[in-house]
Amino acid sequence: MKFISTRGQTEPVGFSEAVAIGLAPDGGLFLPEQLPDISGRLGEWEKLGYADLCFEFLRLFATDLEPAVLRGIIQKSYQGFAVPEIAPLKRLDDRTYVLELFHGPTLAFKDFALQLLGNLYEHQCAKSGQGINVLGATSGDTGAAAIHGLLGKPHTASFILYPDGRVSPLQERQMTCTGAANVHAIAIDGSFDDAQRVLKEIFGDQAFSAQHHLSAVNSINLARILAQCVYYLFAWLRLPSPERGNVEFVVPTGNFGNVLAGWMLSRMGVPVAGFKVATNRNDILHRLFTTGEYRTGEVHASLAPSMDIQVASNFERFLYYTVGGDVAQVRAIMAEMKATGAHRFADFKPAGFSSSRATDAEITGLIRSVHDRFGYIVDPHTACAFQALDPARVSVVLATAHPAKFPAAIRDAIGQEPVHPALEALKAQPVVKHRLPADAAAIKAFIAGRAVS
Ligand SMILES: *Cc1c(COP(=O)(O)O)cnc(C)c1O
């Protein structure tokens with residue numbers, strides 16, 4: 001299997017190369033040259049456990065890895081999850097299920113992709129003898145999941161910048177209390193935008209970046225999307241068969257990465273009724289699906305911070321399919337969006353999609369009503385997905401984070417704070433962080449002194 005760029009100006013590459021380079025050299029995102037048709041395999045996959053299903057699915061794409069190697073990487077990636085089902089599907093009532101994606105090491109769904117990516121990187125380092133230094137900026141969950149994906153792995157180090165005092169105390173502990181020597185949490189004096197600016201400047205110094213084999217943590221790596229397809233498939237196979245064709249997956253969305261994976265899976269021959277894109281007050285995608293206009297706005301802080309995004313970086317992959325693979329059109333639309341921050345689609349009605357938006361006050365109300373109705377506690381991101389469920393469908397809501405990560409929001413809604421033993425244990429660990437100014441030279445000097453080779 002080869003992977004092509006959405007912008008069509010990169011030679012197709014194999015799986016390992018697409019994973020290693022992340023972004024295609026022409027600025028596009030990698031996609032499989034062809035989506036396989038898996039409809040004939042669903043029966044035989046019904047009884048598989050999570051890791052085995054993941055192996056059967058990913059081997060269709062990772063054709064340049066030895067099957068035994070791929071199997072080993074997958075097993076390692078999901079063995080640290082706290083429950084044997086890995087992604088339990090819980091039934092709340094006749095029409096409503098929750099797919100719990102928060103049993104990984106950092107209690108958010110990003111672990112599904114970043115555990116796998118960490119093990120893929122480790123394999124590549126072992127094969128090439130070349131170390132890798134991962135550099136990223138985070139406002140919360142991604143940094144923690146990336147750090148835990150590489151924790152203690154030989155020949156790797158992670159350098160994660162975050163705005164000092166502006167991530168939640170528990171998220172900071174997940175990054176700074178690991179005790180691992182290859183993790184460097186850098187609390188910068190400034191905002192998240194300052195962190196991103198510095199990051200760009202460091203990657204912009206190509207000599208420095210090449211010398212230290214820097215690699216970006218981001219949401220556009222192909223392996224992340226493919227890893228995420230698996231839990232949709234796993235959930236679909238666990239639904240009673242009469243319900244499967246009527247299911248709507250309801251997905252709390254920021255970068256469009258999570259919901260894109262489900263939609264791509266459906267295009268591989270898994271029949272579903274649709275997908276709902278659930279946003280918070282940063283509703284660029286809700287506006288797109290209701291008006292046909294994609295227009296970036298200002299980002300506002302919300303109770304669901306991991307969805308505080310106004311540029312949905314994975315949207316380009318969806319765009320590619322929407323315009324029927326016309327790469328010239330993808331390039332033109334992306335250029336227009338870059339120049340003007342907007343694009344109006346003439347007739348934008350992608351089949352099977354609906355959308356919703358929840359303000360902070362609505363998020364609080366939804367946490368309360370889900371608790372009242374089902375005796376179930378959802379985190380603020382997952383709460384957005386409970387906005388206006390379609391009564392004519394069977395809804396599978398993707399629960400993207402454990403509620404104990406957001407104790408204050410839950411307390412405000414239902415008067416109690418959920419706890420999780422892993423988070424409680426962190427409270428006893430020493431915080432190890434490096435305070436640095438939001439200055440590329442200072443951070444480069446820090447990295448140069450600690451990078452692996
Ligand atoms: C990252 C994140 C999201 C948004 O996921 P996208 O792939 O960006 O759509 C939603 N919920 C939580 C808890 C997250 O960490």
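The structure under discussion appears in the preceding block.
Reference entry: report on the structure contained in this document. (Residues numbered from 1 in each chain as written. Predicted model: local features only at pLDDT ≥ 70, side-chain atom pairs only at ≥ 80, totals over all residues. Heavy atoms only, no water.)

## Thoughts on the packing of aromatic side chains
And then number 1: Per the counting criterion, the structure on display carries 32 aromatic pairs.
And then number 2: Here Y232 and F249 contribute two aromatic rings whose centre-to-centre distance is 5.1 Å and whose plane-to-plane angle is 75°, an arrangement assigned as edge-to-face. Separated by 17 residues along the polypeptide, Y232 in helix α10 (residues 222-238) and F249 in strand β9 (residues 247-252) bring together distant segments of the chain. No difference in accessibility class separates Y232 from F249, as the two residues are buried.
And then number 3: Lying across the ring of W236, R244 places its NZ or CZ 4.8 Å from the centre. (Phe/Tyr/Trp six-rings, centres within 6.5 Å; stacked < 30°, edge-to-face > 60°. Helix = DSSP H or I, 4+ residues; strand = E, 2+ residues; numbered from the N terminus. Buried < 20%, exposed > 50% of the residue type's maximum accessible area, 1.4 Å probe, protein only. Lys NZ or Arg CZ within 6 Å of the ring centre and 35° of its normal.)

## Side note on the pattern of salt bridges
And then number 1: Within this structure, the stated rule accounts for 25 salt bridges.
And then number 2: Here D164 and R435 are joined by a salt bridge, their closest N and O atoms 3.1 Å apart. In this pair, D164 is assigned in the loop between β6 (156-163) and α7 (169-176) and R435 in strand β15 (residues 434-437), connecting sequence segments 271 residues apart.
And then number 3: Of the charged contacts, one joins K433 and E172 as a salt bridge, the two residues approaching to 3.0 Å between their closest N and O atoms. Here the residue K433 occupies a position in the loop between α19 (421-426) and β15, and E172 occupies one in helix α7, the gap between them amounting to 261 residues. (Salt bridge = Lys/Arg side-chain N within 4 Å of Asp/Glu carboxyl O.)

## Overview of the environment of L99
And then number 1: Tracing the backbone shows L99 in strand β4 (residues 96-100).
And then number 2: Residues L99 and A399 lie 300 residues apart in sequence; the distance between their C-alpha atoms is 5.8 Å.
And then number 3: Setting aside chain neighbours within four positions, we find L99 in contact with A87, P88, L89, Y231, A235, V396, V397, L398 and A399. (Contact = heavy atoms within 4.5 Å.)

## So, the sheet that holds strand β3 (residues 89-93)
And then number 1: If you walk across this open sheet you meet the 6 strands as β3-β4-β14-β9-β10-β13, and the pairing is mixed. Looking at the sheet topology across the chains shown, the edges are occupied by β3 and β13 (353-357). Ignoring strand direction, the axes of neighbouring strands in this sheet form an average angle of 25°.
And then number 2: Sheet topology note: the β3/β4 ladder contains 4 bridges and is antiparallel. Looking at β4, one finds that D93 is bridged to T96. (Pairing = 2+ DSSP bridges. Axes fitted to C-alpha atoms, helices over the stretch in contact; angles between N-to-C directions.)

## Here's the deal with the site of the ligand
And then number 1: The environment of the ligand is formed by 15 residues, the closest being K110, D141, G254, N255 and T400.
And then number 2: In the model, an oxygen atom of the ligand is placed 2.5 Å from a nitrogen or oxygen of the K110 side chain.
And then number 3: Between an oxygen atom of the ligand and a side-chain N or O atom of S306, the distance comes to 3.5 Å.
And then number 4: Summarising the interface, the protein chains cover 96% of the accessible area of the ligand, which totals 390 Å² for the free molecule.
And then number 5: Grouping the constituent residues of the shell around the ligand by class yields 5 nonpolar, 8 polar and 2 charged. (Near = heavy atom within 4 Å. Polar contact = N/O pair within 3.5 Å; in protein donor to acceptor, adjacent residues only side chain to side chain. Areas by Shrake-Rupley, 256 points an atom, 1.4 Å probe, with all protein chains shown as cover. Nonpolar A, V, L, I, M, F, W, Y, C, P; charged D, E, K, R; others polar.)

## Considerations on the sheet that holds β6
And then number 1: As summarised here, the arrangement of the 5 strands in space is β8-β5-β6-β7-β15, forming an open sheet in which the pairing is parallel. The strands lining the two open edges of the sheet, one partner per strand, are β8 (214-216) and β15. Sheet twist, expressed as the mean angle between neighbouring strand axes with direction ignored, is 30°.
And then number 2: Here 4 bridges tie strand β7 (residues 183-189) to β15, and the two strands are oriented parallel to one another. Within β15, the residue paired with D189 across the bridge is P437.
And then number 3: Contacts from helix α5 (residues 110-128) reach β5 (132-137), β6 and β8 within the one sheet, and its direction differs from that of β5 by about 150°.

## What about the packing of helix α14 (residues 315-322) against helix α15 (residues 327-340)?
And then number 1: One way to put it is that α14 packs onto α15 with a least axis distance of 9 Å and a crossing angle of 140°. It follows that α14 is oblique to α15 by the angle criterion. Seen from above, α14 lies across α15 with right-handed handedness. Taking contact as the criterion, the partners of F315, E316, L319 and Y320 in α14 are, on α15, V327, V330, I333, M334 and M337.
And then number 2: Across the contact of α14 with α15, the residue classes tally to 8 nonpolar, no polar and 1 charged. (Parallel < 35°, antiparallel > 145°, perpendicular 65-115°, else oblique. Left-handed = near helix turned anticlockwise from the far one by under 90°.)

## Quick look at the side chain of T400
And then number 1: By the secondary structure assignment, T400 is in the loop between β14 (394-399) and α18 (407-414).
And then number 2: Here T400 falls in the buried class, since its relative accessible area comes to 6%.

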